[in-house]
Amino acid sequence: TILHGNDEFGRSEALQALRSQHRRGDPAMADLNTTYLDGSRVTMGELHHHCDAIPFMSATRLVIVRGLLNRLFPDSNTRGSKGETPATKKVLVHELLDYLPNLAPTTHLVFSDDKPLSPTNPILKLAAAQPTPAGATAAGRVSLFNLPKDTDLPNWIAKRVKDKGGSVDRAAADLMAALIGADLRLIDQEIEKLLLYTEGAT
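Residues numbered from 1 in each chain as written. Predicted model: local features only at pLDDT ≥ 70, side-chain atom pairs only at ≥ 80, totals over all residues. Heavy atoms only, no water.

### Regarding the side chain of N33
The topology assignment puts N33 in the loop between helix 2 (27-32) and strand 2 (34-38). Among the residues examined, N33 registers a relative accessible area of 1% and is labelled buried. A polar contact is formed between the side chain of N33 and the backbone oxygen of M29, at a distance of 2.7 Å. Contacts of N33, omitting those with residues within four sequence positions, involve H22, P55, F56, S58, T60, R61 and L62. (Helix = DSSP H or I, 4+ residues; strand = E, 2+ residues; numbered from the N terminus. Buried < 20%, exposed > 50% of the residue type's maximum accessible area, 1.4 Å probe, protein only. Polar contact = N/O pair within 3.5 Å; in protein donor to acceptor, adjacent residues only side chain to side chain. Contact = heavy atoms within 4.5 Å.)

Dropping the structure here:
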């Protein structure tokens, strides 16, 4: 699974959905079989080690890697890892492309990156082509999460309120968007407060 884009709140919710799916059954065992890796420094050896490990008293393992794809495919504003040359990154990309199709069926590997990847990114294309594993959530194999534009933010607020079982008029959504801006996590917190206060209508 690949979750990418500059909407940290959306990626976080999708990741939480994956974790909740993984925790069905025995949460304690699920936590023991969940690994978080820092993609800015992880090696292929470490990735292999965690992904190839046999789940302990559980059907699956969940391995979450943050920032690896942005490290391997940096844009002009991304600083690469210290001492890592383009040639080194090219080798890592090829190793990853060779490894992913042979990923253990008991491992659910998730890449989470805070910048959008190019549609031509080979890892993204590979992930999109893979069959969705049994029990996967609605997040899907590849999901792009970008912050809404200023003009779209009131619509995002209205949909968020509706999804939570409430309603909001356009003027109120416009005002909230103007006062808070594109901090989606803060907007969501304020919506929760308002729905609690007004019992469903904001």
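### Regarding helix 8 (residues 170-180)
Those residues of helix 8 that fall on the buried side of the exposure criterion are A173, M176 and A177. The buried residues of helix 8 occupy one face: seen down the axis, they fall within an arc of 100°. Projecting away from the buried face of helix 8 at angles above 90 degrees are the exposed residues A171, L175, A178 and L179. Looking at the packing, one finds that the buried side of helix 8 touches helix 7 (153-163) and helix 9 (184-198). The N-capping residue of helix 8, defined by a side-chain oxygen 3.3 Å from the backbone nitrogen of A171, is D169. Once helix 8 finishes, G181 follows within two positions and takes phi at roughly 80°, a positive value. (Arc of directions from axis to C-beta.)

### Details of the packing of aromatic side chains
Throughout the structure, instances matching the rule amount to one aromatic pair. Between F9 and W156 the ring centres are 6.5 Å apart and the planes differ by 70°, which places this aromatic pair in the edge-to-face class. With F9 in helix 1 (residues 8-22) and W156 in helix 7, this residue pair connects regions lying 147 residues apart in the sequence. Given the relative accessible area of 8%, F9 is considered buried. (Phe/Tyr/Trp six-rings, centres within 6.5 Å; stacked < 30°, edge-to-face > 60°.)

### A look at the pattern of salt bridges
Evaluation of the coordinates by the stated rule reveals twelve salt bridges. The partner of E84 in a salt bridge is R71, with the nearest N and O atoms 2.7 Å apart. Note that E84 is positioned in the loop between helix 4 (68-72) and helix 5 (86-99) and R71 in helix 4, a separation of 13 residues in sequence. No difference in accessibility class separates E84 from R71, as the two residues are buried. Put simply, D188 and R160 hold a salt bridge, and the shortest N to O gap is 2.7 Å. (Salt bridge = Lys/Arg side-chain N within 4 Å of Asp/Glu carboxyl O.)

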